[in-house]
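These are the residues of each chain, in order.
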Amino acid sequence: MTVLRFAPSPTGRIHIGNARTAILNWLLAKKTGGQFILRYDDTDTARSKTEYADSISVDLNWLGIRPDRVEWQSERIDKYDAAAEKLKAGGLLYPCYETVDELDRKRKRQALKNLPPVYDRSSLQLTAEERAKLEAEGRKPHWRFKLDQKQVKWHDLIRGAVHVDTGSQSDPVCIREDGTYLYSFCSVVDDIEFGITHVIRGEDHVVNTAVQTEITAALSGAVPVYGHHSWLVGTDGKGLSKRLGSLSISAMREEGLEAMAVVSHAALLGTSDAIHPCADYKELVDGFDLAKLSRAPARFDETELGSLNAKLLHMLEWDAVKDRLGFGSEAFWLAVRGNLEKLSDAKLWHEVVTGKVAPVVSAGDREFISASAKDLPAEPWDSTAWKTWTEALKTSTGRKGKQLFMPLRLALTGLDHGPELAALLPLIGRDKTIERVS
Ligand code: GLU
């Protein structure tokens, strides 16, 4: 049984990059018939907010990602306490007393000597008396995990063979001076307890994986299989971080994009598959294979997402949209869907069909248009009414092609572009047609 998770910190809204991570984990869970857990990494109490957690849950729901289980790190502190005690007892979690300033000065001295800014473990050398003295002075320890300082190797689902030398890393702080935990420690405890089998996350976590692999081993847990996906970049090749507002999932929803367009885009970005609109999750799951993900940065292009959205709308059936639309009919939908970029554009065409339009008639077409009504066939109309009418007009006026069709379009819709008139005409109906051409 596979168990996967998406573990956002509720310190902001999720954007297309986070959603991509969530979707990849979700797809792997679905593909393998496993479980998907949503875990809020909310131990940073100063920055975590329930309103962000709520927005993440709304966004995921909109995207169609339904977790089998939801967990909050802030509710599991006793588990972290127990794990920390175990590591402390084994000497693998040790107290450190340096202040932020002292650490900063240490790093500056190292930089001067061209040494990497790795923590020198001086607190590990403290005797019990020295520690007691520091604590008597009012110093509170933060706690670091003692790394093994060796090569950690794994077969990464996306990057292939990876090795990280933890000897070139500082022992990570797991508990802050105020006693709160860092999520990376909690994450290990959770991943072990929830039986997480696979973790797909961004490549910014590669070093973290090496560190967490050592902590997992120290807690006698099973190390999950990892896959680190590349970052998203914009069309300019730069990171997306500066434009996160407009790339948030909520902004995309408010803008009226289709969830499935966002999901298809996020899931197929950076794969060897062409980005195309998937009708549903089933299609995505069927075609899903992590091996198709490239290691190169994936390019996110809002214009591409826009055209994907349009393509998706063009193939949606009436049943899939009627509740959201709240107006129109199947015939209306089939007539206009091919002209939409966003679902909300349908409002304009509904207005054109049922509401008032301001007919546009140029001086040279005035006579042609006002005389055109007399060639209108009798109702009931179907999709042949347009052909019958225009054939009759061809004969009576000698007009053809654009000269014939464009003045009619302008008079009937007030616009020089739009859905096929053969489809619109029966929706507009004879009375309105006569009204508009007169
Ligand atoms: N809360 C972490 C993040 O959002 C989770 C990383 C992980 O997947 O372990 O970066």
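Throughout what follows, the structure given in this document is the object of discussion. Every chain is numbered on its own, with residues counted from 1 as its sequence reads. Thresholds applied to this predicted model are a pLDDT of at least 70 for local features of residues and 80 or more for the giving and counting of side-chain atom pairs; totals over whole chains, interfaces and linings are not thresholded and use all residues. Only hydrogens and water are removed before side-chain values are computed, so all heavy atoms of the structure are retained for them.

1. Some points on the overall build of the protein chain
Where helices and strands are cited, they refer to DSSP runs of H or I of at least four residues and of E of at least two residues respectively, numbered from the N terminus. Looking only at helices and strands, the protein chain has 19 helices and twelve strands in total. Dimensions of the protein chain along its principal axes, counting C-alpha atoms only, are 110 × 45 × 35 Å. Every one of the 438 residues in the protein chain was classed for burial, and the buried ones make up 47%. In this analysis, two residues are considered to be in contact whenever any of their non-hydrogen atoms come within 4.5 Å of each other. Across the protein chain, the fraction of contacts at a sequence separation of at least 24, relative to all contacts at a separation of at least 6, is 74%. Calculation of accessible area relied on Shrake-Rupley with a 1.4 Å probe; when residues are assessed, cover is drawn exclusively from the protein chains displayed. Per element, the accessible surface of the protein chain, about 21200 Å² overall, is 52% carbon and sulfur. Considering the protein chain, the positive charge centre built from 58 side chains and the negative charge centre built from 62 side chains are found 3 Å apart. With a 1.4 Å probe rolled over the protein chains alone, any residue whose accessible area is under 20% of its type maximum counts as buried; one over 50% counts as exposed, and the rest are partly exposed. Charge counting follows a simple rule: Lys and Arg are positive, Asp and Glu are negative, and His as well as the terminal groups are ignored. Note on charges: their place is set at NZ of Lys, CZ of Arg, CG of Asp or CD of Glu.

2. What about the state of the cysteines?
As used in these notes, a disulfide is a covalent bond between sulfur atoms, one from each of two cysteines. Cysteine sulfur pairs qualify as disulfides if the two atoms are within 2.5 Å. For the structure shown, the criterion picks out zero disulfides. In this structure C96 is not part of a disulfide, and its nearest cysteine sulfur, from C174, lies 10 Å away. By relative accessible area, which is 0% here, C96 ends up buried.

3. Considerations on the pairing of strand β3 (residues 69–72)
At least two DSSP bridges between two strands are needed for those strands to be called paired. Strand direction decides the pairing type here: strand β2 (residues 35–40) and β3, joined by four bridges, are parallel. Bridging from a neighbouring strand, I37 pairs with R69 of β3.

4. Side note on empty space enclosed by the protein
Here a cavity is any set of points on a 1 Å grid over the protein atoms alone where a 1.4 Å probe fits but cannot get out, and a pocket is any open set with protein on both sides within 12 Å along at least 5 of 7 lines; a residue lines the site when it has an atom within 4 Å of a point. Grid points are joined across faces, edges and corners, and a volume is the space filled by probe spheres set on the points. A complete count under the given rule lists one cavity of 30 Å³ or more for this structure. In this model, the largest cavity occupies a volume close to 80 Å³. Lining of the largest cavity is provided by 13 residues; of these, A267, L268, T271, F288 and D289 occupy positions nearest its centre. Partitioning the lining of the largest cavity into residue classes produces eight nonpolar, two polar and three charged. Residue polarity is assigned by list, with Asp, Glu, Lys and Arg as charged and Ala, Val, Leu, Ile, Met, Phe, Trp, Tyr, Cys and Pro as nonpolar; anything else, Gly included, falls into the polar class.

5. Quick look at the layout of surface pockets
As a volume, the largest pocket reaches approximately 1000 Å³. In terms of lining, the largest pocket is formed by 39 residues, of which the most central are S9, H15, N18, D204 and H205. Breaking the lining of the largest pocket down by element, the ones donating at least two residues are β1 (3–6), α1 (16–31), α6 (183–193) and β9 (198–202). Counting residues per element, the lining of the largest pocket draws most heavily on α1, which supplies five residues.

6. Here's the deal with helix α18 (residues 421–428)
Regarding α18, the residues found buried are L421, L424, L425 and I428. The buried residues of α18 occupy an angular sector of 105° when projected down its axis, which confines them to one face. If you follow the buried residues of α18, they end up packed against α13 (330–336), α14 (346–354), α16 (385–397), α17 (401–413) and α19 (430–437). The directions from the helix axis to the C-beta atoms are what the arc is built from.

7. Observations concerning the pattern of salt bridges
Close approach of charged atoms allows side chains with opposite charge to pair. The rule for a salt bridge is simple: a side-chain nitrogen of Lys or Arg has to be within 4 Å of a carboxyl oxygen of Asp or Glu. Counting across every chain of the model gives 29 salt bridges. Close ionic contact of R47 with D44 constitutes a salt bridge, the shortest N to O distance being 3.4 Å. R337 serves as the salt-bridge partner of E317, at 4.0 Å between the closest nitrogen and oxygen. Of the two residues, E317 sits in the loop between α11 (302–315) and α12 (318–325) while R337 sits in the loop between α13 and α14, which places them 20 residues apart along the sequence. Residue classification places R337 among the buried positions, given a relative accessible area of 18%. What you see here is one network of salt bridges that share partners, running through R5, R39, D41, R76, D190, D191 and E193.

8. Looking at the site of the ligand
Nearness is judged by heavy atoms alone; a residue qualifies as near a molecule or strand once a single heavy atom is within 4 Å of it. Every residue near the ligand is listed here: R5, A7, S9, D41, Y183, S187, R201 and H205. Counted as a polar contact is a pair of N or O atoms within 3.5 Å, where, for protein atoms, one must be capable of donating a hydrogen and the other of accepting one, and residues adjacent in sequence contribute only when both atoms are in side chains. A distance of 2.7 Å separates a nitrogen atom of the ligand from a polar atom in the backbone of A7. Surface burial for the ligand is 80%, taken as the share of its 300 Å² of free accessible area covered by protein chains. The pocket occupied by the ligand, as judged from atoms lying within 2 Å of grid points, is the largest pocket. The way we define it, a molecule is inside a pocket or cavity when more than half of its atoms are within 2 Å of that pocket's grid points.

9. Concerning the sheet that holds strand β8 (residues 173–175)
The strands making up a sheet associate through hydrogen bonds between their backbones, and the pairing can be parallel or antiparallel. An order of β4-β5-β8 is seen for the three strands of this open sheet, with the pairing classed as antiparallel. One side of each edge strand has no neighbouring strand; the edge strands of this open sheet are β4 (93–96) and β8. Looking at each pair of strands side by side, their axes are set apart by 45° on average, direction ignored. Across two bridges, the pairing between strand β5 (residues 142–145) and β8 is antiparallel. Looking across to β8, one finds that R144 is bridged to V173. Angles shown run from 0 to 180 degrees and are taken between the N-to-C directions of axes, each axis being a line fitted to C-alpha atoms and, for helices, limited to the stretch in contact.

10. Focus: α12
All of the buried residues along α12 are W318, V321 and L325. Looking straight down α12, one finds that the buried residues subtend no more than 85° of arc, so they occupy a single side. For α12, exposure combined with an orientation more than 90 degrees from the buried face picks out D319 and D323. For α12, the elements touching its buried residues are α13 and α14. Once α12 ends, the next one or two residues include G326, with phi positive near 75°.

11. Some remarks on the environment of K153
The topology assignment puts K153 in strand β6 (residues 151–156). Each C-alpha atom of the pair K153 and S57 lies 35 Å from the other, and the pair is 96 residues apart in sequence. With residues up to four places along the chain from it excluded, the contact list for K153 reads V162 and H163.

12. Description of the side chain of T413
Note that T413 resides in helix α17. A distance of 2.8 Å separates a polar atom in the side chain of T413 from the backbone oxygen of R409. From its side chain, T413 meets the backbone nitrogen of L415 in a polar contact 3.1 Å long. Not counting chain neighbours up to four residues away, the residues in contact with T413 comprise V352, V357, L421 and L424.

13. Some thoughts on the packing of aromatic side chains
Stacked, tilted and edge-to-face pairs are distinguished by plane angle, under 30 degrees for stacked and over 60 for edge-to-face with tilted covering the rest, among Phe, Tyr and Trp rings (Trp via its six-membered ring) whose centres lie within 6.5 Å. A full pass over the atoms with the stated rule returns eight aromatic pairs. Arranged with centres 5.9 Å apart and planes meeting at 40°, the rings of W386 and F405 form a pair that is tilted. Within this pair, whereas W386 is found in helix α16, its partner F405 is found in helix α17, the two being separated by 19 residues in sequence. Working rule: Lys NZ or Arg CZ, within 6 Å of ring centre, within 35 degrees of ring normal, means a charge sits over the ring. The positively charged end of K88 is found above the aromatic ring belonging to W143, 4.0 Å away from the centroid.

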